[in-house]
Amino acid sequence: MGYTPHVMVLGGGVTGTAIARDLAIRGLDVTLVERGRLTDGATGRMQGLLYSGARYADTSQPVAAKCYDENRTLAEIADHCVEETGGLLVPTDADEATVESIVEACEDCDIPAEALTGEEARSMEPALDEGVEGAVRVPDATVDPFRLTVATAKSATEFGAEIRTHTEVTDIHVEDGAVTAVTVERDPEPTGRPHPEDSEGATADSTSPDGDDPDTVPDGGKQVPGASGGPGAVPPGETDMPGMPGTTGEERPSRPTAGTERLEPDYVVNATGAWADEVAGLAGFSFPMHRSRGAMVITEDQPVGMPVSLGATPGPVRTVVPHGQHAVVGATNDPVADPDDLDGDGDDADRLLADLTGVVPALDDSRLLRTFWGVRSGPPRGDGEGRRFALVDHADRDGCWGMTTVVGGTLTIHRLVAERVADHVCGTFGISRECKTDELPLPGSEDQEVLDAVMDTFGLSSPVYDRTRERLGSRTPEVLDTDGPNPVLCEAESVTRAEVRDALDDATGGAVDLNDVRIRTSATMGACQGGRCAHRIAAELHPEYELGVIEDALDDLLAERWKGQRHALWGDQLAQAARNYDFHASTLGRKYRFEVAEREDSDGIALDGFDDGPVTGGADQPVGWGMRR
Amino acid sequence: MTDDVVVVGGGIEGYVAALTAALEEPVADVRLLVRDDGRFCHEPGWIDLLGYPPADGDSAGDDDAGPVREPLQEPFAALSDLPADHPYSRAGVEEVRRALSLFEELSGYEGLDSDANALVATATGAVTPTFLYPDSVASGLASDGRETLLVGFERIVDFDAALAAAKLDEFLPYDVGHTTIELDVEVGGAEPAKRFAEVFDDNEELDGELPARRAVAGKIRNELDIEPRIGFPAVLGRSAAEDVRSDLEAILQADVFEVPLGPPSMPGLRLADRLRSELDDAGVAVETGVTVTDVGTADDRIASVEVAGGSAEGDDLRERYEGEQFVLATGGLGAGGLRADRERIREPAFGCHVTQPADRADWVAEGFLDDQPFARAGLAVDDEFRPLDADDTPEFGNLRATGRVLGGADVAAEQSTGGVAVVTGYAAGQLAAEW
Ligand SMILES: Cc1cc2nc3c(=O)[nH]c(=O)nc-3n(C[C@H](O)[C@H](O)[C@H](O)COP(=O)(O)OP(=O)(O)OC[C@H]3O[C@@H](n4cnc5c(N)ncnc54)[C@H](O)[C@@H]3O)c2cc1C
Ligand SMILES: Cc1cc2nc3c(=O)[nH]c(=O)nc-3n(C[C@H](O)[C@H](O)[C@H](O)COP(=O)(O)OP(=O)(O)OC[C@H]3O[C@@H](n4cnc5c(N)ncnc54)[C@H](O)[C@@H]3O)c2cc1C
């Protein structure tokens, strides 16, 4: 067996995981590190629209054509993460483009598009305003970014890649004009780590996967999972837990422990999205980047049946994207310098709705669950849409061998971006192996439960997918079949006590973060946004944790939920917030707290002076405890 | 037919206003328009008077652990310090007393014997000051220094007995113990609290063996040590709650009390049932399932209200009620008596002027449990509880506003929600009957 380069991929967004997958399929050794969870960056903070490319057809033909190609490819290889809803583009008065010109431009790029009269458009999407005079039907689709990324990560691990979450790159070492090592810091909080029992015997177990193996990769590349042989190929068994560090069977540590570690890969790919310049800065490189913040709001209802986008000329996109029973409305576009600058303005929601309610009037009555923000990034240049991408090989740019940074792109074209990166890396090592990611389906499309299990492994749950299915029906039996009663703690999202405990079990040790339980289970993400259920989830921390810790964890969770709500509070959601406030302040008495500390010398608070109730005792009193013995 | 008094809104203040008017003026025709029992689902069942000195309205966002405050021991003494636009100040201290004693009589509640606040334990193991309380809470007062055993039911998730007991035990000067038991109640798609209450009301057999009350007692008897009182989540029946408690007390040989939970709150619903039967006795006509959709006015007075709603018979009911005097008792933001769009908080039934921060960004405080400006938004009234327009003139000569729709106080923060409802309902009911 020849020399196999070890490539380190930085960043666990959709781009990084796709690069890891592509390289692993081509037979390279891959380690991906992500400082938080998978999807913590832009990938978990976007609109979930799988662009058809039609919006760019008149201004940027090659981009549009690529976009449509990728849209089709993802619908093929990730059909379980994509819903082919079709979509409508509604030109506005401000647009130069018209229905006709868009359709014409689409034809030039081979994007199937159809001109619709207002009436035809309304029969397809009854939510459209009476005033809409025409629209273009385009092959937009919706995509679940959480499941897409996790499915990609699973595939990567099946081909031998190692994925380490909660592992942050803190230094990149350069010596004699080459990148030599990367220092990572492992978060002491092991959340997101696989269950201990899963790590045992993972490599020993070689149950073969279910029948229909895809073709093997030619040219000495790794073979697909389950096919025997192949250097580093991992036979994933039923009990194998992908994503497990160490499943490659090579000499890497079987589980990263807390603390700092120095890795010496042969090559580094920096795919840290909006943080790419920051991370490259660790090696002393610098390059300009464009960043803009996008605000999105989540509606409790689903005002539209298919994505409806406003405006055709590039500029801020305004789209209503249906997801599960909800919709994500977005997005604004405000330049920001700092990738962590996520706190937008109070009028973000108003700006979104102001433009959209003219076309989808029902949005005016929609209950807004919350606002959230994401940061787009890309190479600097005018339009700021971030849909262009660029590879920066630091050998060319900075005269330093061993690292390439990728910036920009969209989720829609992420696979193509990854292909280009992998081509480039392979080229650097003189490896000529074909890209296979456009034909090998992602795991889980046959059997959703496979993906559920991996979502659990990575400590994620998808707010999109979880409510489009009989959620409890497809949970793993271990989570549901408990001996005792397993009541629902979060009604809106049907999250049971066992699921919460399960999520907590994975987080033993370090700091308690109920937000983590939320992300794992989707609890508190429904209409009440935690007001009615957060205290129940916090109660599950008892008795393992101290009382003060439990109270703080509850406060933190409620604070996180409040952060996303308070900017768009009116209508039903303000009514809900008012009830939540009453419940916590009055019924639970959580607004003011007794000063207990000062009374440490005494045996507790002084009760003298308060009403001690109607006189009981005497004849009224039950016979008394003495009789019970 | 023209009613003498039409009360719009089915919360505590509406019930009290209608009852007061009917009792004050037995010959008067009083009508109460109620949308549903939703508002009582949110009532903990106790009636606060004034638990804390009123917040100054400044958002104290500096400490996210919540400010430390001493609860008031003597709420009456603090009433005179309230600002002039506080609902209690409008009514006057004497009226507050009269209102509470009428309510005590109507509801069968306790607490007026002592002028002091009582402390009650909450479902999350805090204590909160309150003033009047039902029998089902009386023996459980945290300010009564007897040792306590808390019992949880696995399926009633709002109340974790072990956690609540641990917290209470930490700062109360007596021991609080706990046990949690599993009752095999088939909940199905029902709301667990309602289903449990039904099981206790009917004393259903569990596991096909023991009747529910006996089954519960059997499961905790061994856990009981020396505690003279036992607290349960507030699901011990609705219609037969008194029997449920006295049966449990007889078997367990200890006082039994309840800890109120979130909606659907059984103590709240029991209060609704109780007041409802008082309304029937007093001859008040109650229309349920109706929402005011329009009002007819003449000469700055309300002449009639039009309602729509799903009555028991059909859902396209439309009716117009004419009246001499009207009482607005539709509640605050949480109940729908106030309703916000993106620009303004409005009062949808009569379109009264709502005092509020001009800018939506200022409705909401930065922290969830900071003093919330939206909680203070509401109608400004004159001394006769007539809502005032932007120029401080009464909107209508014959409309009075009560309860949570009123502005000027964050009743949730100062723990005066129930008291303000009772007192303003009483005052408005009297004024309406006088005319
Ligand atoms: C508001 C908004 C709406 C959008 N809507 C759409 C849409 O509808 N359709 C579409 O196709 N695209 C959309 N996009 C674009 C799409 O979200 C992004 O192109 C895509 O998610 C980028 O993925 P990524 O992996 O490159 O970056 P990211 O997802 O940001 O991943 C980068 C990762 O690097 C990690 N990281 C950072 N620093 C370090 C470090 N030091 N060590 C380790 N890890 C580190 C981060 O935690 C992060 O997880 C939208 C974007 C935004 C902001
Ligand atoms: C398609 C789609 C559908 C959705 N549907 C729903 C829904 O129905 N209900 C709902 O409530 N939400 C929904 N969301 C929103 C989603 O749950 C999150 O709110 C969103 O992804 C952003 O996270 P957040 O607002 O919780 O932010 P945060 O809480 O800020 O982020 C989440 C996690 O990332 C970490 N983090 C954030 N920023 C950084 C940083 N700079 N560095 C390191 N770590 C960081 C935080 O510590 C936290 O643990 C949806 C999102 C999408 C994309």
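Note that the structure is predicted; figures quoted are calculated from it, not measured.

Caption draft 1: Representation of the environment of Leu271 of chain B. Mapped onto the elements of the fold, Leu271 of chain B is located in helix H11 (residues 266-281). Ignoring any residue separated from it by four or fewer positions in sequence, one finds Leu271 of chain B in contact with Ile12, Phe40, Phe103, Ser107 and Tyr109 of chain B.

Caption draft 2: Just the pattern of salt bridges, in detail. Per the stated rule, a full pass over the model turns up 60 salt bridges over all chains. Arg342 of chain B is the partner of Asp364 of chain A in a salt bridge, and the nearest nitrogen-oxygen pair spans 2.3 Å. Linking Asp364 of chain A in the loop between helix H8 (348-356) and strand E19 (368-378) with Arg342 of chain B in the loop between strand E15 (339-340) and strand E16 (345-346), this pair reaches from one chain into another. Taking the relative accessible area as the measure of exposure, Asp364 of chain A reaches 41% and is therefore partly exposed. Put simply, Arg31 of chain B and Glu287 of chain B hold a salt bridge, and the shortest N to O gap is 2.5 Å. Of this pair, Arg31 of chain B sits in strand E2 (residues 30-34) while Glu287 of chain B sits in strand E11 (residues 285-288), and the two are 256 residues apart along the sequence.

Caption draft 3: Structural context of the site of ligand 1. Residues and elements named next belong to chain A. Neighbouring ligand 1 are 34 residues; Thr15, Glu34, Thr43, Leu49 and Thr412 lie closest to it. Contact between ligand 1 and Leu49: a nitrogen atom at 2.7 Å from a main-chain N or O atom of the residue. Protein contact buries 95% of the 1,000 Å² of open area that ligand 1 shows by itself. Where the shell around ligand 1 is concerned, the elements lending two or more residues are helix H1 (14-25), strand E10 (167-175), strand E14 (290-299) and E19. Taken together, the residues of the shell around ligand 1 break down into 13 nonpolar, 16 polar and five charged. When residues of the shell around ligand 1 are assigned to domains, at least three fall in each of domain 1 (6-41 + 146-289 + 387-428) and domain 2 (44-141 + 290-378).

Caption draft 4: Examining the site of ligand 2 more closely. Residues and elements named next belong to chain A. In the vicinity of ligand 2, 25 residues are found, and the nearest of them are Gly44, Arg45, Asp340, Arg518 and Met525. Of all the secondary structure elements, the ones that give two or more residues to the shell around ligand 2 are E19, helix H14 (514-521) and helix H16 (547-565). Taken together, the residues that form the shell around ligand 2 break down as ten nonpolar, four polar and eleven charged.

Caption draft 5: Unusual backbone geometry, seen in detail. Put simply, His542 of chain A and Pro543 of chain A share a cis peptide bond, and its omega is 0°. Following the sequence through the fold, Pro543 of chain A ends up in the loop between helix H15 (534-539) and H16. The linkage connecting Pro263 of chain B with the following residue, Pro264 of chain B, adopts the cis geometry, with an omega of 0°. With respect to the element layout, Pro264 of chain B can be found in the loop between strand E10 (255-259) and H11.

Caption draft 6: Expanded view of the interface of chain A and chain B. Taken together, the 71 residues of chain A in the interface contact 89 residues of chain B. Between chain A and chain B the total buried area reaches about 7,000 Å² when both faces are included, carbon and sulfur atoms providing 59% of it. Our count for the chain A to chain B interface comes out at nine salt bridges. Between Arg536 of chain A and Asp158 of chain B there is a salt bridge; the shortest N-O distance is 2.8 Å. At the boundary of chain A with chain B, the tally comes to 26 residue pairs in polar contact (both at pLDDT 80 or more). Where the side of chain A that touches chain B is concerned, the elements lending two or more residues are H8, strand E22 (488-490), H15, H16 and helix H17 (571-587) of chain A. In terms of residues, the side of chain A that touches chain B owes the most to one element, H17 of chain A, which gives 15 residues. The residue makeup of the side of chain A that touches chain B, split by class, is 32 nonpolar, 17 polar and 22 charged.

Caption draft 7: Spotlight on the domain arrangement of chain B. Residue and element names in this part refer to chain B. In terms of domain boundaries, chain B breaks down into domain 1 (2-113 + 269-432) and domain 2 (123-259). Distance from the C-alpha centre of domain 1 to the C-alpha centre of domain 2: 31 Å. Counting from both sides, the interface comprises 22 residues of domain 1 and, opposite them, 16 residues of domain 2. Summed over both sides, the interface of domain 1 with domain 2 buries roughly 1,700 Å², with 58% coming from carbon and sulfur. Area buried by domain 1 at its contact with domain 2 is led by Trp46, Glu110 and Arg270, which between them contribute 38% of it. Note that Arg238 is salt-bridged to Asp273, the shortest N-O span being 2.8 Å. Counting every contact that joins domain 1 to domain 2 gives nine residue pairs in polar contact (both at pLDDT 80 or more). Of all the secondary-structure elements, those providing two or more residues to the side of domain 1 that touches domain 2 are helix H3 (75-79), helix H5 (93-107) and H11. A per-class count over the side of domain 1 that touches domain 2 returns twelve nonpolar, four polar and six charged.

The rules behind each value
- Residues numbered from 1 in each chain as written.
- Chains lettered and ligands numbered in written order.
- Predicted model: local features only at pLDDT ≥ 70, side-chain atom pairs only at ≥ 80, totals over all residues.
- Heavy atoms only, no water.
- Helix = DSSP H or I, 4+ residues; strand = E, 2+ residues; numbered from the N terminus.
- Contact = heavy atoms within 4.5 Å.
- Salt bridge = Lys/Arg side-chain N within 4 Å of Asp/Glu carboxyl O.
- Buried < 20%, exposed > 50% of the residue type's maximum accessible area, 1.4 Å probe, protein only.
- Near = heavy atom within 4 Å.
- Polar contact = N/O pair within 3.5 Å; in protein donor to acceptor, adjacent residues only side chain to side chain.
- Areas by Shrake-Rupley, 256 points an atom, 1.4 Å probe, with all protein chains shown as cover.
- Nonpolar A, V, L, I, M, F, W, Y, C, P; charged D, E, K, R; others polar.
- Domains from an automatic or database assignment.
- Buried area = accessible area lost by both parts, 1.4 Å probe.

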